[in-house]
Amino acid sequence: MLFCIDKLIIFFIYINILTSRFLVFHQALNRIIVALLLFFYLIYILSNKKAIVFPRRMLNYTFIAFVLIAILMFISLLKGNSFDNMLGFITPFFILSIILPLTTAFKVYGVGRYFHHLLYAIVFLSLGAVIIFIFIINNRNNGSLIEQYCPLFQVTYPELGIRIHAVTGAFYPAGLLLAYYYILKKAGIKYYLMFAIVAFALYLNQALTVYVAAFVTFCAFVLIFGRKPRPGIVVAFILIIIGMSLYSGSMLKSSSKNESKDIKVEQVVNGLALFADKPLLGQGLGYVYHDADSRHKDAVVLEMSYVTILASTGIVGFLFYAFIYLYYPVQFMMQKNKNIITVPIFLSCLSILIAGIGNPYIWSGCMGFLFIVFLAAIMDGKVSGNA
């Protein structure tokens with residue numbers, strides 16, 4: 001059973017990062033993999049009852065998280081919101097159930113095995129963006145072909161030049177952190193190359209909040225390891241600074257970015273007005289925003305994730321979500337003797353939360369919770385050693 005669990009975790013990592021809403025029998029493939037993973041883990045538990053120890057903190061956290069989201073769902077139903085509209089907020093939480101299988105796999109196979117697959121998957125995503133850039137740089141008409149046959153990427157031509165936006169592009173900062181981690185640990189040339197590929201794909205992605213997430217978390221990583229200088233520090237930091245300068249200078253002159261900014265400002269103003277109308281409990285989970293911006297489109301999620309939380313669930317819901325998303329990051333920061341292998345995962349978790357300021361990344365459970373799940377499995381699984 002452990003063999004199957006191990007392979008399903010690896011498969012889940014690649015599918016989660018390299019596909020976008022890929023459906024099998026009208027169900028998302030990554031959710032099917034989660035279901036299979038839990039099925040095999042249940043068989044493993046039943047056949048190894050005496051060998052399984054469930055960490056109390058992990059069980060308490062998972063139970064409380066499900067109770068909190070159930071309370072928000074009940075409140076929303078009382079407010080008259082559609083259950084179908086709530087599903088997009090409820091189903092992401094089921095990824096929390098894979099913490100236990102991950103804990104077991106980490107103990108048996110080591111964290112490094114899955115760290116490497118995380119990094120490789122993000123590098124493959126980045127290579128896809130780089131290859132598309134090379135493919136269309138001399139013939140922009142090829143951009144429509146890319147979107148037709150590879151919906152993971154969206155190709156546009158703003159004033160910034162060519163933009164190759166990856167739907168799962170919020171994973172790029174984690175790729176930088178993991179590549180840099182291995183630059184420090186092993187200093188292999190391949191990790192420098194991986195870092196450069198991910199950094200270039202990040203620039204092509206041209207999502208400001210994702211770039212800010214990468215910049216902030218990478219600088220934090222450099223400071224954490226500042227007492228152990230490596231050649232990689234200079235190379236990596238220079239690449240980040242150059243990329244940030246190029247992007248920021250071009251972005252300020254972009255009318256398309258200004259249009260996007262105006263839409264987000266409208267959503268923030270209208271969302272906060274709805275929050276002010278019902279500050280305690282909000283409009284209800286799954287509330288439909290009819291005129292959130294000038295496009296007059298119906299939506300249950302605003303681009304600004306935290307405004308959605310305030311407007312839909314109020315102060316109570318904001319506190320609930322704060323517990324769910326920040327419990328393990330806060331537990332990590334409170335640890336006196338921090339396990340060094342948790343640092344890149346902790347910062348990757350923060351990168352998703354930062355990117356969620358301007359984009360609804362946190363509502364994708366397999367993105368918003370992925371690094372929280374990894375962090376929980378490492379911490380409560382008492383994993384030690386180097387990745």
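Residues numbered from 1 in each chain as written. Predicted model: local features only at pLDDT ≥ 70, side-chain atom pairs only at ≥ 80, totals over all residues. Heavy atoms only, no water.

(A) Geometry of the pairing of strand 3 (residues 153-156). Every second residue of strand 3 is oriented toward a common face, the buried set being Phe153 and Val155 and the non-buried set Gln154 and Thr156. Where strand 3 meets strand 4 (residues 163-166), four bridges bridge the pair, whose relative direction is antiparallel. Within strand 4, the position partnered with Gln154 by the bridge is His165. (Buried < 20%, exposed > 50% of the residue type's maximum accessible area, 1.4 Å probe, protein only. Helix = DSSP H or I, 4+ residues; strand = E, 2+ residues; numbered from the N terminus. Pairing = 2+ DSSP bridges.)

(B) How the structure looks around empty space enclosed by the protein. Taken as a whole, this structure holds one cavity of 30 Å³ or more when the rule is applied. Of the volumes computed, that of the largest cavity is approximately 40 Å³. In this structure, the largest cavity is lined by Leu72, Ile75, Ser76, Leu281, Gly284, Leu285, Ser312 and Thr313. Mapped by element, the contributors of at least two residues to the lining of the largest cavity are helix 3 (56-78) and helix 13 (305-334). Here the element with the most residues in the lining of the largest cavity is helix 3; it accounts for three residues. Split into classes, the residues belonging to the lining of the largest cavity amount to four nonpolar, four polar and no charged. (1 Å grid on protein atoms, 1.4 Å probe; cavity = no way out; pocket = protein on both sides within 12 Å on 5 of 7 lines; lining within 4 Å. Points joined across faces, edges and corners; volume = space filled by probe spheres on them. Nonpolar A, V, L, I, M, F, W, Y, C, P; charged D, E, K, R; others polar.)

(C) Structural detail: a nonpolar patch on the surface. On the surface, a nonpolar cluster with roughly 330 Å² of combined accessible area is contributed by Phe63, Ile64, Val67 and Ile71. Along the chain, Ile71 falls in helix 3. When its relative accessible area of 34% is taken as the criterion, Ile71 is described as partly exposed. (Patch = residues over 30% accessible without salt bridge, like charges linked within 9 Å, V, L, I, M, F, W, Y side chains within 5 Å. Areas by Shrake-Rupley, 256 points an atom, 1.4 Å probe, with all protein chains shown as cover. Salt bridge = Lys/Arg side-chain N within 4 Å of Asp/Glu carboxyl O.)

(D) Structural view of the side chain of Ser305. As for its position among the elements, Ser305 is in helix 13. A polar contact is formed between the side chain of Ser305 and the backbone oxygen of Asn359, at a distance of 2.8 Å. Contact partners of Ser305, with chain neighbours within four places excluded, come to Gly356, Ile357, Asn359, Pro360, Tyr361, Ile362 and Trp363. (Polar contact = N/O pair within 3.5 Å; in protein donor to acceptor, adjacent residues only side chain to side chain. Contact = heavy atoms within 4.5 Å.)

(E) Here's a closer look at the environment of Ile197. With respect to the helices and strands, the residue Ile197 is situated in helix 9 (residues 189-205). Judged by relative accessible area, which is 18%, Ile197 ranks as buried. In the structure, Ile197 is positioned 67 residues away from Val130 in sequence and 7.6 Å away in space, judged by C-alpha atoms. The residues touching Ile197, leaving out its near neighbours within four places in the chain, are Val123, Ser126, Leu127 and Val130.

(F) Focus on the packing of helix 10 (residues 208-224) against helix 14 (residues 343-355). With their axes 8 Å apart at the nearest point, helix 10 and helix 14 run at an angle of 155° to one another. When the axes of helix 10 and helix 14 are compared, the pair comes out roughly antiparallel. Note on packing geometry: the crossing formed by helix 10 with helix 14 is right-handed. Counted together, Thr209, Val210, Val212, Ala213, Val216, Thr217, Ala220, Phe221 and Ile224 of helix 10 and Val343, Pro344, Leu347, Leu350, Ser351, Ile354 and Ala355 of helix 14 form the full contact between these two elements. Residue classes in the contact of helix 10 with helix 14 are distributed as 13 nonpolar, three polar and no charged. (Axes fitted to C-alpha atoms, helices over the stretch in contact; angles between N-to-C directions. Parallel < 35°, antiparallel > 145°, perpendicular 65-115°, else oblique. Left-handed = near helix turned anticlockwise from the far one by under 90°.)

(G) Seen up close, the environment of Ala70. Tracing the sequence through the fold places Ala70 in helix 3. Placed 20 residues apart in sequence, Ala70 and Ile90 show a C-alpha to C-alpha distance of 8.3 Å.

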